[in-house]
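# A closer look at the structure
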Amino acid sequence: MKSAPRFAIVVAIAVAVLAGRHAMQSRDGGSPEPPTTPAATKPAPPRVWQVGSLELKPCELAQPHTGLSTAAWCTQFNVPEDRAHPEGRKIALRLAIVRSSAQVPAADMVAFIAGGPGQSAAESYPVIAPAMAPLLAHRNLLLLDQRGTGDSHPLSCRNDEPGVPGGAEDTSNFDAAAVRKETRACLDQLSRDADVRFYTTTDAVADLEDVRRALGSPQFDLFGVSYGTRVAQQYAMRHPEGLRTLILDGIAPNSLVLGEDFAVNLDAALKAQFARCSANAACRERFGDPYQTLYQLRDALRANPHKVSFRDPQNYASVQRVLSEYSLATVVRMFAYSPETAALLPLSIDAAARGDVGPLLGQAKLLTGDLGDTMDGGMQYSVICSEDADLLSPRPQDKDTILGEGMIEAFRAACSVWPHGVRPANFHEPLKSDVPALLMSGEFDPVTPPRYGDEVLKGLPNGRHLVLKGQGHSVVTRGCMPRLLDRFIDKADAKTLDTSCLDRLAPLPVFVGFNGATP
């Protein structure tokens, strides 16, 4: 199991989407092999697929701890760790292509960039495969694990010592000295075969361009989710010739300093979500003011963090955790990411305030487990410490929010130890491009709110920003978005896209009991 350094898992800008699977394609680029066809009546499928200068072989892309997998064609792609010294250490990147069902696919190729920072594209893909399915009718789809993630020389630290965050002895209170100690231990472990200065967004952009050229220089329909939108924008700035279209979901502007707005964004999203409860008679009668209840619970835990027991939802074993104001904030933030879990927040907070922490912590255990196994914490630090940490400053105005100042303090403590890579001088300048672009945000996104998409749109005259009602972070799988995405990529024109089908989207009703919302 991959384990991020203290606090890293909490700050991950993660992807929360649906699940699915694709079938493997045959070498001639055509349809999947019918499963009932006798092997004796048809030749065996070829075992190598040549694309540009690369030879790919059949593979399965699995998502950890699920039955989800996707058939693909894979190879390793070697790049220099330090591009200034290409004669030095080489690292192998995992490259996969999900093949189109078309006999002759389009010349352009969809390229998916995962979030995090720290998520693997190949491991993340199975859960968004249904949204990508329409694209495969005409185009191949590239999945490249960013250096430091997945199977691309991952920067994963194991921490099996007692008292790690989430363990029975964990107080979950911010301790700068403990953060520095754990960060140093992680760094010492990774430095045996990695120079962590060279696992930044800028390095990843150079890798992606090398891959494009090795594939025969197709133009990309570049699709970034969450932190992946930063990578996509940086690629668009530095290699505009490689782009046909740009798709951004859960948008982080180039100007954004990761971590700076996390507290205020979460607070705004919670207020908007809880206002729905206040406007609903049944919810208001059942829970009163959930926002006020949340802060009352926070204040009580600030004064008296304590050990609690609950049943593990996966195996029903008894689990002990320390419930503190910090662990509460962590859980609430994760719940706010998706409409399904956000609809449970008033009910779960009310139960916790009454002493029943099972609904809140049980669901949190599922969420942190899923994230922890697809997130590489060392790579997070390589990105944030190189690109953002020196621009972070104390924010006393956030002190009384649910998230508080702890995240910024943790970043600053960790990055005082973690080596920093080079950040280009224009890294945080806004993207300006004529590329056709489709931007999408969720109305209640607690980490990349719609105003971020509005900001990026200013530099994209051929772009369009869609805000999906009632949705959270990462919306490509919601409603008719997969169909709209397919149409946009097909026509490379966002302006004329008929998006009226999105009008049917609405927030999920708030649960007033564990059987659901009121009729």
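Worth saying up front: this structure is predicted, and the values here are computed from it rather than measured.

Let us now look at the confidence of the model for the chain. Averaged over every residue, the pLDDT of the chain is 87; the share at 70 or more is 86%. In the predicted structure, residues 1-40 sits below a pLDDT of 50 and forms 146 contacts with residues beyond four places in sequence or in another chain. Residue range residues 160-171 is modelled with pLDDT below 50. Its contacts to residues more than four positions away, or to other chains, number 19 contacts.

This part takes up the nonpolar core. Counting residues in hydrophobic clusters, the biggest one holds 58 residues, and the most contacted among them are Leu95, Leu142, Phe220, Leu222 and Leu246. If one sorts the elements of this core by residue count, helix α5 (residues 227-238) sits on top with five residues. Non-local contacts of leucine 222, meaning those with residues more than four positions away in its chain, are made with Ala111, Ile113, Leu208, Ala232, Tyr235, Leu243, Thr245, Leu246 and Ile247. Counting 48 residues, the second largest nonpolar core, distinct from the first, contains Leu297, Val319, Ala336 and Leu345.

One pass over the structure, following the stated rule, counts five disulfides. Paired by a disulfide, cysteine 59 and cysteine 74 hold their sulfur atoms 1.9 Å apart. When the S-S torsion is 60 degrees, as for the bridge of cysteine 59 with cysteine 74, the disulfide is right-handed. In this pair, cysteine 59 sits in strand β2 (residues 54-62) while cysteine 74 sits in strand β3 (residues 69-80), placing the two residues 15 residues apart along the sequence. A single burial state applies to cysteine 59 and to cysteine 74, both of which are buried. One disulfide bridge connects cysteine 480 with cysteine 501, the sulfur atoms lying 2.0 Å from each other. Between cysteine 480 and cysteine 501 the disulfide shows an S-S torsion of about 80 degrees. By sign, it is right-handed. Here cysteine 480, found in the loop between β12 (463-468) and α16 (481-491), pairs with cysteine 501, found in the segment after α16; they are 21 residues apart in sequence, far enough to count as distant. Using a relative accessible area of 11% as the deciding quantity, one classes cysteine 501 as buried.

Moving on to α5. Compared with an ideal rise of 1.5 Å per residue, which puts 12 residues at 16 Å, α5 spans 17 Å between its outermost C-alpha atoms and is within 8% of the ideal. Burial within α5 is extensive, with 10 of its 12 residues counted as buried. Among the residues of α5, those classed as buried are Tyr227, Gly228, Thr229, Arg230, Val231, Ala232, Gln233, Gln234, Tyr235 and Ala236. Close packing links the buried residues of α5 with β5 (109-113), α4 (201-214), β7 (220-225), β8 (243-249), α13 (377-387) and α15 (450-457).

The next subject is the environment of phenylalanine 514. Summarising the element assignment, phenylalanine 514 is placed in the segment after α16. The class of phenylalanine 514 is exposed, set by a relative accessible area of 52%. Phenylalanine 514 sits 170 residues away from leucine 344 along the chain, and the two C-alpha atoms are 8.4 Å apart. Aside from chain neighbours lying at most four places away, what touches phenylalanine 514 is Leu347 and Pro359.

For serine 318, the location among the structural elements is in strand β10 (residues 318-323). Its relative accessible area of 53% is what places serine 318 among the exposed residues. In contact with serine 318, other than residues within four places in its own chain, are Ser309, Phe310 and Arg311.

Turning to the pairing of β12, a few remarks are in order. Successive residues of a regular strand alternate their side chains across the two faces of the sheet. Both strand β11 (residues 437-442) and β12 contribute to a ladder of six bridges, which runs parallel. Bridging across to β12, alanine 437 finds its partner in glycine 463. Tracing the backbone out of β11, into α15 and back to the parallel element β12 gives a crossover that is right-handed.

Here we take up the packing of helix α6 (residues 262-278) against helix α8 (residues 290-303). The N-to-C vectors of α6 and α8 enclose an angle of 130 degrees; their axes lie 8 Å apart at closest approach. Between α6 and α8, the crossing angle belongs to the class labelled oblique. Here Asp267, Leu270, Lys271, Phe274 and Cys277 of α6 lie close against α8, whose contacting residues are Pro290, Tyr291, Leu294 and Tyr295. Per-class residue counts for the contact of α6 with α8 are seven nonpolar, no polar and two charged.

Right, let's talk about unusual backbone geometry for a bit. Of note, the bond from glycine 116 into proline 117 is cis; its omega dihedral lies within 30 degrees of zero at 0 degrees. Residue placement: proline 117 occurs in the loop between β5 and α2 (121-132). A positive phi angle is found at tyrosine 316, which is not glycine, with a value near 65 degrees. Summarising the element assignment, tyrosine 316 is placed in the loop between β9 (306-311) and β10. Of note, serine 474 is a non-glycine position whose phi angle comes to about 70 degrees, a positive value. Looking at the element boundaries, serine 474 is found in the loop between β12 and α16.

Tallying each qualifying case throughout the model produces 27 salt bridges. One salt bridge connects arginine 94 with aspartate 151, and the closest N-O pair in it is separated by 2.9 Å. One end of the pair, arginine 94, is in strand β4 (residues 90-98); the other, aspartate 151, is in the loop between β6 (141-144) and α3 (176-190), and 57 residues separate them in sequence. For aspartate 151, a relative accessible area of 46% translates into the label partly exposed. Among the charged side chains, a salt-bridge network with shared partners connects Arg83, Arg147, Asp207 and Asp210.

Turning next to the side chain of arginine 212. With respect to the element layout, arginine 212 can be found in helix α4. A distance of 3.2 Å separates polar atoms of two side chains, one belonging to arginine 212 and the other to tyrosine 235.

What follows is about the environment of arginine 139. Looking at the secondary structure, you find arginine 139 in the loop between α2 and β6. Taking the C-alpha atoms as reference points, arginine 139 and alanine 107, separated by 32 residues in sequence, lie 7.8 Å from one another. Contact partners of arginine 139, with chain neighbours within four places excluded, come to Ser100, Ala106, Asp108, Val110, Asp221, Arg244, Ile489 and Asp490.

Strand order across the open sheet formed by 10 strands is β1-β2-β3-β4-β6-β5-β7-β8-β11-β12, with mixed pairing between neighbours. Lying at the two open borders of the sheet, with one neighbouring strand each, are β1 (49-51) and β12. Direction aside, neighbouring strands of the sheet carry axes that sit 30 degrees apart on average. Taken together, the four bridges between β4 and β6 define a ladder with antiparallel strand orientation. Counted as the bridge partner of leucine 95 is leucine 144 from β6. Packed onto the sheet, α5 meets β5, β7 and β8 and runs at close to 145 degrees relative to β7.

Reading guide: rules and limits
Residues numbered from 1 in each chain as written. Predicted model: local features only at pLDDT ≥ 70, side-chain atom pairs only at ≥ 80, totals over all residues. Heavy atoms only, no water. pLDDT = per-residue confidence, 0-100. Contact = heavy atoms within 4.5 Å. Core = buried A, V, L, I, M, F, W, Y, C linked by side-chain atoms within 4.5 Å. Buried < 20%, exposed > 50% of the residue type's maximum accessible area, 1.4 Å probe, protein only. Helix = DSSP H or I, 4+ residues; strand = E, 2+ residues; numbered from the N terminus. Disulfide = S-S within 2.5 Å. Expected span 1.5 Å × (residues − 1). Pairing = 2+ DSSP bridges. Right-handed = clockwise from strand over helix to strand, strands pointing away. Axes fitted to C-alpha atoms, helices over the stretch in contact; angles between N-to-C directions. Parallel < 35°, antiparallel > 145°, perpendicular 65-115°, else oblique. Nonpolar A, V, L, I, M, F, W, Y, C, P; charged D, E, K, R; others polar. Salt bridge = Lys/Arg side-chain N within 4 Å of Asp/Glu carboxyl O. Polar contact = N/O pair within 3.5 Å; in protein donor to acceptor, adjacent residues only side chain to side chain.

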